[in-house]
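Here is how the chains run, residue by residue.
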Amino acid sequence: MTRVVVIGGGATGLSTAFWSLREGAEVVVVEKGIVGWEASGRNGGGATHAVSPLFAEEQRLWPMMDDLLGYPTEYQRQRVRIGLSRRQLDLILEGVTIARRQGFVAHELDNKALRELVPFVSETAAGGVLLEYGGHANPQRTLQAYAWAVQDLGGVIQQHTTVIGFETAGGRICGVRTDQGLIGCDVVVLAAGPHTAQLAAKLGIRVPLAAARAEMVVTEPLPLIRFGGADGNGVYGRQTLRGNLAYGGGPHEWIDLPDASTPKPVNSPVMQSVAKRVFELFPKVAHARVIRSWAGVVENTPDGRPILDRLGAPDNLVVAGMSSVGFGLSPASGRAVMQLALNGACDFADLAQLKLSRFDGLAGDWAEAAGWVPWTREGAVA
Ligand SMILES: Cc1cc2nc3c(=O)[nH]c(=O)nc-3n(C[C@H](O)[C@H](O)[C@H](O)COP(=O)(O)OP(=O)(O)OC[C@H]3O[C@@H](n4cnc5c(N)ncnc54)[C@H](O)[C@@H]3O)c2cc1C
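Just so you know, these numbers come straight off a predicted model, no measurement behind them.

> What is the right way to look at the layout of surface pockets in this model?
Where empty space is left in the structure can be found by rolling a water-sized probe over the atoms. Roughly 370 Å³ of internal volume is contained in the second largest pocket. Taken together, 22 residues make up the lining of the second largest pocket; nearest its centre are Ala197, Leu209, Ala210, Ala211 and Trp366. Sorting the residues of the lining of the second largest pocket by element identifies α7 (196–201), β11 (210–219) and α11 (366–370) as the ones contributing at least two each. A class-by-class count of the residues in the lining of the second largest pocket yields 17 nonpolar, two polar and three charged. Residues from two domains meet in the lining of the second largest pocket; each of domain 1 (3–72 + 139–208 + 303–365) and domain 2 (79–133 + 210–300) gives at least three.

> What is the right way to read the sheet that holds strand β1 (residues 3–7) from this model?
Strand-to-strand pairing in sheets goes through backbone hydrogen bonds, with the strands running parallel or antiparallel. If you walk across this open sheet you meet the six strands as β6-β2-β1-β10-β17-β16, and the pairing is mixed. Two strands close off the open sheet at either side, each with one partner strand: β6 (156–158) and β16 (307–310). Sheet twist, expressed as the average angle between the axes of neighbouring strands with direction ignored, equals 15 degrees. Of the pairings in the sheet, the one linking strand β2 (residues 26–30) to β6 comprises three bridges and is parallel in character. Looking at the pairing, Val30 lines up with Gln158 of β6.

> Any chance you could explain the site of the ligand here in plain terms?
Residues in contact with the ligand amount to 38 residues; listed here are only the nearest, Thr12, Glu31, Ser40, Glu299 and Gly328. Within the backbone of Gly46, a nitrogen or oxygen atom sits 3.0 Å from an oxygen atom of the ligand. Relative to its free-state accessible area of 1000 Å², the ligand is covered by the protein chains to the extent of 96%. Elements represented by at least two residues in the shell around the ligand include exactly α1 (11–22), β11 and β15 (290–300). Top contributing element to the shell around the ligand by residue count: β15, with three residues. The residue makeup of the shell around the ligand, split by class, is 15 nonpolar, 18 polar and five charged. Two domains each donate at least three residues to the shell around the ligand, and these are domain 1 (3–72 + 139–208 + 303–365) and domain 2 (79–133 + 210–300).

> Looking at this model, I keep getting lost on the packing of α1 against helix α6 (residues 139–152). Mind explaining?
Geometrically, a packed helix pair is captured by the angle between its two axes and the distance between the axes. Relative to each other, α1 and α6 sit at 35 degrees, their axes nearing to 9 Å. For the pair α1 and α6, the sense of crossing is left-handed. When α1 is examined against α6, the residues Ala11, Leu14, Ser15, Ala17, Phe18 and Leu21 are found in contact with a partner set consisting of Leu143, Tyr146, Ala147, Ala149 and Val150. In the contact of α1 with α6, the residues fall into 10 nonpolar, one polar and no charged.

> Got a minute to help me understand the side chain of Asp231 in this structure?
One can find Asp231 in strand β12 (residues 230–232). Within polar-contact distance, the side chain of Asp231 engages the side chain of Arg81 at 2.9 Å. Residues contacting Asp231, with those up to four places away along its chain left out, are Arg79, Val80, Arg81, Ile82, Tyr236, Gly237, Tyr247 and Leu281.

> Would you take a moment to explain the domain arrangement of the protein chain for this structure?
For the protein chain, the domain assignment lists domain 1 (3–72 + 139–208 + 303–365) and domain 2 (79–133 + 210–300). The distance between the C-alpha centroids of domain 1 and domain 2 comes to 27 Å. Tallying the contact residues gives 25 residues for domain 1 and 26 residues for domain 2. Between domain 1 and domain 2, roughly 2000 Å² of surface is buried when both sides are summed, and carbon and sulfur atoms account for 59% of that area.

> Would you explain unusual backbone geometry in this entry?
Excluding glycine, a negative phi dihedral is what most residues carry, and trans is how most peptide bonds are arranged. The residue after Ala313, namely Pro314, is reached through a cis peptide bond having omega -10 degrees. A positive phi angle is found at His160, which is not glycine, with a value near 50 degrees. Turning to its location among the elements, His160 is positioned in the loop between β6 and β7 (163–169). One non-glycine residue, Ser323, adopts positive backbone phi at about 50 degrees. Turning to its location among the elements, Ser323 is positioned in the loop between β17 (317–321) and α10 (330–343). On the basis of relative accessibility, which here comes to 4%, the residue Ser323 falls in the buried class.

Reading the values: rules and limits
- Residues numbered from 1 in each chain as written.
- Predicted model: local features only at pLDDT ≥ 70, side-chain atom pairs only at ≥ 80, totals over all residues.
- Heavy atoms only, no water.
- 1 Å grid on protein atoms, 1.4 Å probe; cavity = no way out; pocket = protein on both sides within 12 Å on 5 of 7 lines; lining within 4 Å.
- Points joined across faces, edges and corners; volume = space filled by probe spheres on them.
- Helix = DSSP H or I, 4+ residues; strand = E, 2+ residues; numbered from the N terminus.
- Nonpolar A, V, L, I, M, F, W, Y, C, P; charged D, E, K, R; others polar.
- Domains from an automatic or database assignment.
- Pairing = 2+ DSSP bridges.
- Axes fitted to C-alpha atoms, helices over the stretch in contact; angles between N-to-C directions.
- Near = heavy atom within 4 Å.
- Polar contact = N/O pair within 3.5 Å; in protein donor to acceptor, adjacent residues only side chain to side chain.
- Areas by Shrake-Rupley, 256 points an atom, 1.4 Å probe, with all protein chains shown as cover.
- Left-handed = near helix turned anticlockwise from the far one by under 90°.
- Contact = heavy atoms within 4.5 Å.
- Buried area = accessible area lost by both parts, 1.4 Å probe.
- Buried < 20%, exposed > 50% of the residue type's maximum accessible area, 1.4 Å probe, protein only.

Here it is, written out as structure tokens:
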């Protein structure tokens, strides 16, 4: 039986574990904290990634996940996208065109039709689109569902266990070193979110990822809108089944990785900016109080696309870095990573554009050149 050691108990790692167990592998998930405690349990819950080669599989799998996992994810299939201005609406329609080309259906809405679906929306909004695809799920529920399903299938999840290095022999990883001891392996999946870069570096592999904080705000409960998901104006999110609006958005705050190990409390200017944009979108509920907020850390590749790759050296390592789109894609990315780990290739999507080697010629200072650098008091211009 193949022994897969998955580093990281986020959506990517747990989904990989779930699919690998279904194929009969032995699986150990090693998580430095508790499952879903980092970005995977803190995000907007969106599952609409039309530019990804995994989009068709994302859309195929989500409606089945509650049954497959045996626990609820609160997935809802439809979503309304709102353009407050004509420019915002045109950008939304550009994304819709990409999905339509793949056979997905969306209906354009004028302001009246939009307000029938989302009564809170601004009376001056340019319009919107009802997507018959995409949708959203509850991140906390989904991560719990993945973890329970992994345990039900006999997988081992070692929480509060930090990976600190690797044992290698003959061009392969033969053991994963943790602060609790050595774990033997046949294949290793590195799905440690922003920490993927640091861990890969221990094997001499450069994975270009920049870490950034993103924030979410949650309002008190409001009357339920249809489909639960309506966003735009630079914020993404969903309405919970209880009625809370849970929304997030930029600007990203670039951070040093040591800071990323525990997301710091929210930074109030970012939180205020997210709340302001939510209430511009929904002025009729601008009286609603923000009752909760949190920050999470996202991992960003230079081109914004995930890295999903089984490397040549060592030849039993799969790198899975999701570049800020990892929650929605997780049913599909986990299945793809399982196939890379167990079969060496993915048979349902072309992952060529997600290979790590696309960054081979990347300059060492790529993050600085992009301006993706943490703000420091010392570096600030007086
Ligand atoms: C506010 C916010 C909103 C977002 N909105 C969306 C959205 O709407 N839709 C979407 O698709 N994506 C969204 N994202 C991005 C998404 O959450 C991430 O891309 C995704 O969760 C990444 O999952 P992951 O499992 O790859 O990484 P993570 O969730 O970061 O999990 C990695 C795990 O590895 C563990 N780990 C790290 N180092 C070690 C080590 N040395 N040893 C053991 N374990 C280790 C960590 O503790 C962590 O639990 C959002 C993110 C944030 C923060």
